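Remarks on the overall topology
For reference, the chains in residue letters:
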Amino acid sequence: MEKKEQKWYCNSCGKEIILEPAAKREDYLEIRKEWGYFSKKDGEIHRFVLCESCYDKLTEHFQIPVEVSEVTEWI
């Protein structure tokens, strides 16, 4: 995720993620991974954001599909 002037951008396509106003707000996937022992990235923290469109493009190529379930209660 790149933060420029309090703006967030998709790391894949570079599109700005709209956070405000609430009426135009977009959802996104944020991933933060702290790499541990037995990896080539031991001690590094990686973080990135994907817009919904880039998430869909990424996951459509998975050999094992994403597990999807429905939320039954909204807060």
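Our subject is the structure listed above.
Residues numbered from 1 in each chain as written. Predicted model: local features only at pLDDT ≥ 70, side-chain atom pairs only at ≥ 80, totals over all residues. Heavy atoms only, no water.

1. Overview of the environment of Gln63
Tracing the backbone through its elements, the reader meets Gln63 in the segment after helix H1 (52-59). Gln63 sits in the exposed class, given a relative accessible area of 77%. As a C-alpha pair, Gln63 and Tyr9 span 54 residues in sequence and 27 Å in three-dimensional space. (Helix = DSSP H or I, 4+ residues; strand = E, 2+ residues; numbered from the N terminus. Buried < 20%, exposed > 50% of the residue type's maximum accessible area, 1.4 Å probe, protein only.)

2. Section: a negative patch on the surface
A contiguous patch of negative charge on the surface is contributed by Asp27, Glu52, Asp56 and Glu60. Secondary-structure assignment places Glu52 in helix H1. (Patch = residues over 30% accessible without salt bridge, like charges linked within 9 Å, V, L, I, M, F, W, Y side chains within 5 Å. Areas by Shrake-Rupley, 256 points an atom, 1.4 Å probe, with all protein chains shown as cover. Salt bridge = Lys/Arg side-chain N within 4 Å of Asp/Glu carboxyl O. Lys, Arg positive; Asp, Glu negative; His and termini not counted. Charge placed at Lys NZ, Arg CZ, Asp CG, Glu CD.)

3. Concerning a nonpolar patch on the surface
Where nonpolar side chains cluster on the molecular surface, the patch consists of Leu58, Phe62, Val66 and Val68 and spans about 360 Å² of accessible area. By the element assignment, Leu58 lies in helix H1. Using a relative accessible area of 43% as the deciding quantity, one classes Leu58 as partly exposed.

4. Details of unusual backbone geometry
Of note, the amide linkage connecting Glu20 to Pro21 takes the cis form, showing an omega dihedral of 5°. Among the structural elements, Pro21 can be located in the loop between strand S3 (16-17) and strand S4 (28-34). Its identity is not glycine, yet Phe38 carries a phi of approximately 70°, on the positive side. Within the secondary structure layout, Phe38 lies in the loop between S4 and strand S5 (45-51).

5. Concerning the side chain of Thr59
Inspection of the secondary structure puts Thr59 in helix H1. Engagement of the side chain of Thr59 in a polar contact is seen with the backbone oxygen of Asp56, the distance being 3.5 Å. (Polar contact = N/O pair within 3.5 Å; in protein donor to acceptor, adjacent residues only side chain to side chain.)

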